[in-house]
Amino acid sequence: MVEIKNLTKYYGRNPAVRGIDFEIRDNEILGFLGPNGAGKSTTMNIIAGYLPSTGGTVTINGFDITEQASEAKKCIGYLPEIPPVYPDMRVEEYLNFVAGIKGVKKAERKAQVESAMERLRITDMRKRLIRNLSKGYKQRVGFAQALLGNPKVLILDEPTVGLDPSQVIEVRNLILDLKKDHSIIFSSHILAEVSAVCERVVIINKGEIMAIDTIENLEKTLVDKNLLSLKVEGDKDKVQRLIKDVRGTGSITDITYISTELYSYKVEIENETVRKEILSALIANDCNVVEVSMAKLSLEQVFLKLTSQSRKRSTLEDMLAEETAKEAAASNDKKEEE
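Residues numbered from 1 in each chain as written. Predicted model: local features only at pLDDT ≥ 70, side-chain atom pairs only at ≥ 80, totals over all residues. Heavy atoms only, no water.

Participant: Any chance you could explain the sheet that holds strand β12 (residues 249-259) here in plain terms?
Facilitator: The strands that make up a sheet pair up through hydrogen bonds in the backbone, lying either parallel or antiparallel. Read from one edge to the other, the open sheet built from 4 strands follows the order β12-β13-β11-β14, with strand pairing classed as antiparallel. In this open sheet, the two strands that pair with only one neighbour each are β12 and β14 (288-294). Adjacent strand axes in the sheet meet at a mean angle of 20 degrees, parallel and antiparallel pairs treated alike. Examined bridge by bridge, strand β11 (residues 227-233) and strand β13 (residues 262-269) share 7 bridges and lie antiparallel to one another. Residue pairing in the sheet places V232 in a bridge with Y263 of β13. Contacts from helix α9 (residues 236-244) reach β11, β12 and β13 within the one sheet, and its direction differs from that of β12 by about 155 degrees. (Pairing = 2+ DSSP bridges. Helix = DSSP H or I, 4+ residues; strand = E, 2+ residues; numbered from the N terminus. Axes fitted to C-alpha atoms, helices over the stretch in contact; angles between N-to-C directions. Contact = heavy atoms within 4.5 Å.)

Participant: I tried to follow helix α3 (residues 91-101) on my own but got confused; where do I start?
Facilitator: Among the residues making up α3, those that are buried are V91, E92, Y94, L95, V98 and A99. Looking straight down α3, one finds that the buried residues subtend no more than 160 degrees of arc, so they occupy a single side. Among the structural elements, α4 (106-119) and α5 (135-147) are those in contact with the buried residues of α3. (Buried < 20%, exposed > 50% of the residue type's maximum accessible area, 1.4 Å probe, protein only. Arc of directions from axis to C-beta.)

Participant: It is not clear to me how the sheet that holds strand β4 (residues 55-60) should be interpreted in this structure. Could you clarify?
Facilitator: The strand order across the open sheet formed by 4 strands is β2-β1-β4-β5, and the pairing between neighbours is antiparallel. Where the open sheet ends on each side, the last strands, each with one partner, are β2 (14-24) and β5 (63-64). Alignment of strand β1 (residues 2-11) against β4, held across 5 bridges, turns out to be antiparallel. Among the inter-strand pairings, T8 is bridged to a residue of β4, identified as G55. Seen against the sheet, helix α1 (residues 40-47) touches β1, β2 and β4 and runs at an angle of roughly 120 degrees to β1.

Below, the structure is given as structure tokens:
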């Protein structure tokens, strides 16, 4: 449905997006994650046709967003982070205006506007000036305009910003329902939201893609081999002491009560040998090890690990580039002296 190939965007000499490739499949909800300044909004604006790219292609339903912009944009419904609403218009008036801009036929316009208002539960706000709405309701109006024209692709940038918990659940259910008829790219800083609705995620940092996969596969692939998860039956202080006495053991975290004298622990270890020694020490001292595994990372931990690796690599690259520049400058100075 949507193909992004070798997409690049420079602002002057500064790269915001660096040759990225991914696709959004038919009737898929794809999560798009990254820290501030990672290139998320730039990428989404290019896909929507709001920004030109420096290089690469974006194809939507077979139409190139640059070469066939009009046809491609008819396939897109876009909700940017700041909803594109006109504060001096009334809700129904604004949605009718947007439907006209999108080329919705007059005979279908009323039905589409009514449907969008009902889905976003803003029908009772239809005569209200948008400027007088709460932030949450403005967000709903922005979402409603994205649905007009029945686009095959929805681009949602932070769609739950400003909503209260009950509204967030409503929007989450709406997104899941929209999957039946749409392909959706969904960006959010709230990773629990992404976990709840997305099948695959793209993690981007410093304009580069760090990972593309299902959340389950990412969590499995990035198991932290140095973090041991234990459930042990026995005196909590005694268990901690026995673990700490094993050489090669680091911090003990996430100590959680499960039932009488049964606790779970997360233990940093240096290697597999340390794991075996911890288990031997616990068993030898009459502590019942109920469960043992290498700790599984949550989506938040996967995200932090990948973006942290990117920052470290970027820092190293910067250092090497700086060192190379210094060497080149020193070589030039030497030539000039000669």
